[in-house]
Amino acid sequence: MANRNKIVEQSKKKSSSPHAKKTGQFRVIGGNWKGRKLRFIEVEGLRPSLDRIRETLFNWLQNEIHGARCLDLFAGSGAIGIEALSRGASEVYFVELNRKAFHQLEENLGILNADNAHVLHGDAFEFIPTNQQTFDIIFLDPPFHKGIAQKVIEQLAEAEWLKPEALIYIEVEQGLELNVPENWTELKNKKAGQLQYKLFAIA
């Protein structure tokens, strides 16, 4: 009995370790994988877009998403990019810096047998100037309150691969003022709770 108590106590210590992976769950809300539930790693700054926000976003994109080549630049859980694949995007490139989140995203895409997904472990600010691909839709959902959104907008504005008529979705904290290039036309703008989200078209 003493040995059993010792094993149980060791198990409790292991499960409460600060290095243990904490996971949450999100679900795909439309398309081929509608209703599928997937795990994400709970790390600082990572928050899957809410169901109602993704629903609104893909209502905005319902005429553009099928066959589109997409970039999920701050992928995190991959919820937006996975939703895009579920709804008919031809390809999605996911870029994620956090190694644990990156591996969980790889695992989820494997579960879904998403052979048209490309997962890259790296920094968005290094990806933008070195990328050679073009995309129809770019999703930007960076960590809040770090000044990242404005920096990535400025870097994208200088990217030679950013093609005319591309769509850019941006999700940021409410109240944040964004300065976008003159050739970015705001198509949609909505608020929800503590955040705001916008859709732009490149002229």
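Throughout what follows, the structure given in this document is the object of discussion. As the structure is a prediction and not an experimental result, all values here were calculated from the model.

Quick notes on the packing of aromatic side chains
Piece 1. In this structure the tally under the stated criterion is 9 aromatic pairs.
Piece 2. With a centroid separation of 6.5 Å and an interplanar angle of 40°, the aromatic rings of Phe26 and Phe40 are classed as tilted. With a gap of 14 residues between them, Phe26 in strand β1 (residues 23–27) and Phe40 in strand β2 (residues 37–41) connect regions that are remote in the sequence.
Piece 3. For Phe26, a relative accessible area of 6% puts it in the buried group.
Piece 4. Each member of the aromatic cluster is reached from another via a ring pair, and the members are Phe58, Trp60, Phe139, Tyr169 and Tyr197.

Digging into the sheet that holds strand β5 (residues 117–121)
Piece 1. With respect to topology, 7 strands assemble into an open sheet ordered β5-β4-β3-β6-β7-β9-β8, the strand pairing being mixed. The open sheet has two edge strands, β5 and β8 (184–192), and neither has a second partner. In this sheet, adjacent strand axes meet at a mean angle of 15° when their direction is disregarded.
Piece 2. Bridge count for strand β6 (residues 137–140) against strand β7 (residues 167–173) is 4 bridges, and the pairing is parallel. Within the sheet, the bridge partner assigned to Ile137 lies in β7 and is Leu167.

Focus: the environment of Leu176
Piece 1. Considering the arrangement of structural elements, one finds Leu176 in the loop between β7 and β8.
Piece 2. The partly exposed category is assigned to Leu176, whose relative accessible area is 30%.
Piece 3. In the structure, Leu176 is positioned 29 residues away from Gly147 in sequence and 9.4 Å away in space, judged by C-alpha atoms.
Piece 4. Excluding residues that lie within four positions of it along the chain, Leu176 makes contacts with Ala149 and Gln196.

Regarding the nonpolar core
Piece 1. Formed by 39 residues in total, the largest nonpolar core has its most connected members in Leu61, Cys70, Ile82, Phe94, Leu109, Phe139 and Tyr169.
Piece 2. When residues of this core are assigned to their parent elements, the largest contribution, 5 residues, is made by helix α3 (residues 79–86).
Piece 3. For Leu109, the residues in contact, after removing those within four places along its chain, are Ile82, Leu85, Phe94, Ala114, Ala117 and Val119.
Piece 4. Core analysis: the second largest hydrophobic core is formed by 27 residues, Leu73, Ile138, Ala149 and Ile168 among them.

Conventions used here
- Residue indices begin from 1 for each chain and proceed along its sequence in written order.
- Totals for whole chains, interfaces and linings use all residues, but because this is a predicted model, local features are given only for residues with pLDDT of at least 70 and pairs of side-chain atoms are given and counted only at 80 or more.
- Excluded from the side-chain calculations are hydrogens and water; all other atoms, namely the structure's heavy atoms, are used.
- Classification of ring pairs uses Phe, Tyr and Trp, with its six-membered ring standing for Trp, and accepts pairs whose centres are within 6.5 Å; under 30 degrees between planes counts as stacked, over 60 as edge-to-face, and the remaining range as tilted.
- The helix and strand labels rest on DSSP assignments: H or I over at least four residues marks a helix, E over at least two residues marks a strand, and numbering proceeds from the N terminus.
- Relative accessible area decides the class of each residue, using a 1.4 Å probe on protein chains only: under 20% of the type maximum gives buried, over 50% gives exposed, and in between gives partly exposed.
- Strands pair, by our definition, only if DSSP identifies at least two bridges between them.
- An axis is simply a line fitted to the C-alpha atoms; with a helix, the fit covers only the stretch in contact. Between two such axes, the angle follows the N-to-C directions and lies from 0 to 180 degrees.
- Between two residues, a contact is recorded if the distance between any of their heavy atoms is within 4.5 Å.
- The set of buried Ala, Val, Leu, Ile, Met, Phe, Trp, Tyr and Cys residues whose side-chain atoms join them within 4.5 Å is what this entry labels a nonpolar core.

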